[in-house]
Amino acid sequence: MHEIILFIVGLIVGAMNAIAGGGMLLGYPVMLAVGMNPLVANVTANLVFLPGKLSSAIGYRRFLRKMHRQYLILLLPCILGAAVGSSLLRHTSSDQFSRLIPGLILFAVLLFAFQPYIHFHLHRHISRRSRNVQTLWLIALALLPVAVYAGFFGPGFGFIMLAFLSFTSLRDVHKMNALKNIAGVSIASVDIAILFSAHLFNWPLGLSMAAGSAIGGYTGARFSQRFSSHAIRTVVIAVGLCAALYLGFRTY
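Thresholds applied
- Residues numbered from 1 in each chain as written.
- Predicted model: local features only at pLDDT ≥ 70, side-chain atom pairs only at ≥ 80, totals over all residues.
- Heavy atoms only, no water.
- Buried < 20%, exposed > 50% of the residue type's maximum accessible area, 1.4 Å probe, protein only.
- Helix = DSSP H or I, 4+ residues; strand = E, 2+ residues; numbered from the N terminus.
- Expected span 1.5 Å × (residues − 1).
- Core = buried A, V, L, I, M, F, W, Y, C linked by side-chain atoms within 4.5 Å.
- Contact = heavy atoms within 4.5 Å.
- Axes fitted to C-alpha atoms, helices over the stretch in contact; angles between N-to-C directions.
- Left-handed = near helix turned anticlockwise from the far one by under 90°.
- Nonpolar A, V, L, I, M, F, W, Y, C, P; charged D, E, K, R; others polar.
- Polar contact = N/O pair within 3.5 Å; in protein donor to acceptor, adjacent residues only side chain to side chain.

## Digging into helix 9 (residues 157–165)
Reasoning step 1: Of all 9 residues in helix 9, 8 are buried, a share of seventy percent or more.
Reasoning step 2: Buried residues of helix 9: Phe157, Gly158, Phe159, Ile160, Met161, Ala163, Phe164 and Leu165, and no others.

## Comments concerning helix 8 (residues 136–152)
Reasoning step 1: Taking 1.5 Å of rise per residue, 17 residues should cover 24 Å, and helix 8 covers 24 Å from first to last C-alpha, within 8% of that figure.
Reasoning step 2: Among all positions in helix 8, only Leu136, Ile139, Ala140, Leu143, Val146, Ala147, Tyr149, Ala150, Gly151 and Phe152 are buried.

## Focus: the nonpolar core
Reasoning step 1: The biggest cluster of nonpolar side chains holds 36 residues, and the ones touching the most others in it are Met24, Tyr28, Phe97, Ile105, Phe153 and Met209.
Reasoning step 2: Elements supplying a minimum of two residues to this core: helix 1 (2–19), helix 2 (24–33), helix 3 (38–59), helix 6 (94–126), helix 8, helix 10 (173–195) and helix 11 (203–222).
Reasoning step 3: For this core, the element with the most residues is helix 3, which contributes 8 residues.
Reasoning step 4: When sequence neighbours within four positions are dropped, the list of residues in contact with Phe153 reads Asn42, Phe97, Ile101, Leu104, Ile105 and Ala108.
Reasoning step 5: Of all hydrophobic cores here, the second largest spans 26 residues; its members include Ala82, Val146, Phe157 and Leu179.

## Some words on the packing of helix 3 against helix 10
Reasoning step 1: Packing of helix 3 against helix 10 leaves a shortest axis separation of 8 Å and a crossing angle of 145°. Read as a crossing pair, helix 3 and helix 10 show a hand that is left-handed. Between helix 3, through Val43, Asn46, Leu47, Phe49, Leu50, Lys53, Leu54, Ser56 and Ala57, and helix 10, the contact on the second element is made entirely by Lys180, Asn181, Ile182, Gly184, Val185, Ala188, Ser189, Asp191, Ile192 and Leu195.
Reasoning step 2: Split into classes, the residues belonging to the contact of helix 3 with helix 10 amount to 11 nonpolar, 5 polar and 3 charged.

## Notes on unusual backbone geometry
Generally, phi is negative for residues other than glycine and the peptide bonds are trans, each holding for most cases.
Reasoning step 1: Here the phi dihedral of His199 falls at roughly 55°; this positive angle occurs in a residue that is not glycine.
Reasoning step 2: Relative to the helices and strands, His199 resides in the loop between helix 10 and helix 11.

## Here's the deal with the side chain of Asn42
Reasoning step 1: Tracing the sequence through the fold places Asn42 in helix 3.
Reasoning step 2: Among the polar contacts made by the side chain of Asn42, one reaches the main-chain carbonyl oxygen of Phe152 at a distance of 3.0 Å.
Reasoning step 3: In contact with Asn42, other than residues within four places in its own chain, are Tyr28, Leu89, Phe97, Phe152 and Phe153.

Coordinates in, geometry out; function isn't part of it.
Have a look at this one:
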């Protein structure tokens, strides 16, 4: 029964990640509700991220073909940062992570909620100086600590990366989403490789959700213009806040 529930939730999570991001802010509370402890749920989420991001990237493949290869530089800090973040997670106990998780979810929800405003003010502030300082290598350097966070927890990374990509010459939101999804594939792959032997994956439930995420990610990428990202953002914020409050009361 849990496998069926998580497959359906995976469909929604994959589509949400492809369209607006923040899908695991919905998926994570469901994983906890079916009995996973917070650390196992967080590690298992990488099984959900990987096929969902990969299928989303396939859905955006025609935009990837049009993108200059110089942007692949931005994958380097994603891989290095994810390696650091997942290594930190590997040495974090379940009790320690359980105390951190309410704050991590709240941070991700606030980041998701205020991302449009953060992006607007950041872009207005930096664009005046962009002729002198805007290079892919500087953006790559700025992405490194964000990728460490992504390797440790994850939700919110995509929002920040899209904000950074707006300082490049990319102007097509679909190209940005395509590159963001490739970065997500890189991070999830590194996490799985480093955490594989830690015995923290719930493989049956994780793979059930991953199958749904793969289908939802491809569908969401293909039909992204037909969905209301505003409505999805509202649902994600509401669910995420409830999850953060519930876990906060339960933990403290």
